[in-house]
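Below, each chain spelled out in residue letters.
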Amino acid sequence: MNGAQDLGGAHGFGPVVPEPNEPVFHAAWERRVFAMALAMGYTGAWNLDGSRAARESLPPAEYLASSYYAIWLKALEKQLAATGLATPAEMEAGRAMEPAKPVARTLARDGLEQRFRAGFPSSRATDAPARFALGDEVLARNIHPTTHTRLPRYVRGKRGRIVRVDGAFVFPDTNAYQGGENPVWLYTVAFTAQDLWGESGDPGGTVTVAAFEPYLEPA
Amino acid sequence: MNHHHGDHDHVHHGSELSPVEARVRALESLLTEKGYLDPAALDALVELYETKVGPHLGARVVARAWVDPAFRTRLLTEATPAIAELGIGGRGGEHIVVVENTPEMHNLVVCTLCSCYPWPVLGLPPVWYKAPPYRARAVIDPRGVLAEFGVTLPETTRITVWDSTAETRYMVLPLRPAGTDGFSEDALAALVTRDSMIGTGLPKALPVEPAEMPV
């Protein structure tokens, strides 16, 4: 969706301000939100793409005015309500008023570190041949889905070149809504900075995005 | 707007909680009561990402690549299994791609759409990486962003910006600093900064010996 999350190329946000010796978390509640989001994701009630969709569907003014973990918290509350795992009244009260719904699994402390150090790959097997090959010229489609997508606006309609064939991966656009993983080929596509930004583009510069096959057509 | 520092801890006396603290505490109580969460597992997740996983791991990967050409080749060809040789890997870095800086090419990593970042090698991203100024400008004005980090590249060095729009996660292999011949892997790893693996910085320069200082 053309939401506030799609920030590439936007003006007016001011300088980047690095924080010297930045801590991993800035408040105790951020630790809990981080861990709750991961642990609830682990239950299988939704997936990572669904979480991203929930975060970016916050109203743009709210998204931009919220700190990072505040966005995570709001999205988590939204997902809990949408799946019926918790009602807004329960979240307000901090206690259960409805029976718990079954979840596929819960995250236990035992074995947790090994599980997270092993990871959760999103590459998948596919029988479909890759439509594009290294070096192919492609066009990023000029699409504007109102739902989750990972094709940023600033490359839509632009011509690029395949610089990596990354393999087949879960397709976020359907997976976000429990519409199936629908594995598709993923490519790294390079665009020249001046094709993207005209005369203001960095001379000789390149910007790459990782683009799923349905985002691309032959140039 | 408060993108740079999140909401800092405020001093609260007694049982007084800020609204967000109260909301988060209520949510954890509820989800625990309903059996969806184990607070001990949350503690372990926080401990893992606050104290164990961090850029010191990426620095080991870089140092190994600087001393071992065969490892470097494996790293640049297929990074995830190469990194796993060092016992490093996991969530948020199941599909790592390592991109190499050269005198002709500098690489810069961003996630314009959210905050994708190679967790197993760099840990959780800093606030600036997740905040709008960096996400907006890295792709349109990389030299301006680098200048804000104190990095000025020769005009002849081209820049490639890697926008992390899928589960492939990028890490930069920075140039090995001059004058480090014979350094141990540990000594080299100590020169590798987090930002040098994002591309917003360079490895630490060596202290200039007094004899080499300009007169």
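I will try to describe carefully the structure that is included in this document.

Turning to the overall build of chain A, a few remarks are in order. Helix and strand counts for chain A stand at eight helices and five strands. Expressed as lengths along the three principal axes of its C-alpha atoms, the size of chain A is roughly 55 × 45 × 35 Å. Burial analysis of chain A (219 residues in total) assigns 50% to the buried set. When contacts within chain A are restricted to residue pairs at least 6 apart in sequence, long-range pairs at least 24 apart make up 64% of them. Total accessible area on chain A stands at roughly 9500 Å², and carbon and sulfur atoms take up 54% of it. With 22 positive and 24 negative side-chain charges, chain A shows a spacing of 3 Å between the two charge centroids.

To continue, consider the overall build of chain B. What chain B contains, in helices and strands, is eleven helices and four strands. The proportion of buried residues among the 215 residues of chain B is 58%. Taking the contacts inside chain B whose residues are at least 6 apart along the sequence as the reference set, 66% of them involve residues at least 24 apart. Within the structure as shown, chain B displays about 8800 Å² of accessible surface, and the carbon and sulfur contribution to it stands at 56%.

This next bit is on the environment of leucine 188 of chain B. All names here are of chain B. As for its position among the elements, leucine 188 is in helix 10 (residues 185-189). When its relative accessible area of 0% is taken as the criterion, leucine 188 is described as buried. Taking the C-alpha atoms as reference points, leucine 188 and threonine 51, 137 residues apart in sequence, are found 22 Å from one another. Not counting residues up to four positions away in its chain, the partners in contact with leucine 188 are Ala63, Trp66, Val67, Arg176, Thr180 and Phe183.

Below, the discussion takes up the environment of alanine 70 of chain B. All names here are of chain B. Structurally, alanine 70 is set in helix 4 (residues 69-77). On the basis of relative accessible area, alanine 70 is assigned to the partly exposed category, the value being 44%. Once the C-alpha coordinates of alanine 70 and aspartate 43 are considered, the two residues, 27 residues apart in sequence, prove to be 39 Å apart.

Turning next to unusual backbone geometry. All names here are of chain A. Even without being a glycine, asparagine 21 presents a positive backbone phi close to 50°. By secondary structure assignment, the location of asparagine 21 is in the segment before helix 1 (28-42). Judged by its relative accessible area of 80%, asparagine 21 falls in the exposed class. Its identity is not glycine, yet glutamine 178 carries a phi of approximately 60°, on the positive side. With respect to the helices, strands and loops of the structure, glutamine 178 is situated in the loop between helix 7 (172-175) and strand 3 (184-192). When its relative accessible area of 51% is taken as the criterion, glutamine 178 is described as exposed.

The rules behind each value
Residues numbered from 1 in each chain as written. Chains lettered and ligands numbered in written order. Predicted model: local features only at pLDDT ≥ 70, side-chain atom pairs only at ≥ 80, totals over all residues. Heavy atoms only, no water. Helix = DSSP H or I, 4+ residues; strand = E, 2+ residues; numbered from the N terminus. Buried < 20%, exposed > 50% of the residue type's maximum accessible area, 1.4 Å probe, protein only. Contact = heavy atoms within 4.5 Å. Areas by Shrake-Rupley, 256 points an atom, 1.4 Å probe, with all protein chains shown as cover. Lys, Arg positive; Asp, Glu negative; His and termini not counted. Charge placed at Lys NZ, Arg CZ, Asp CG, Glu CD.

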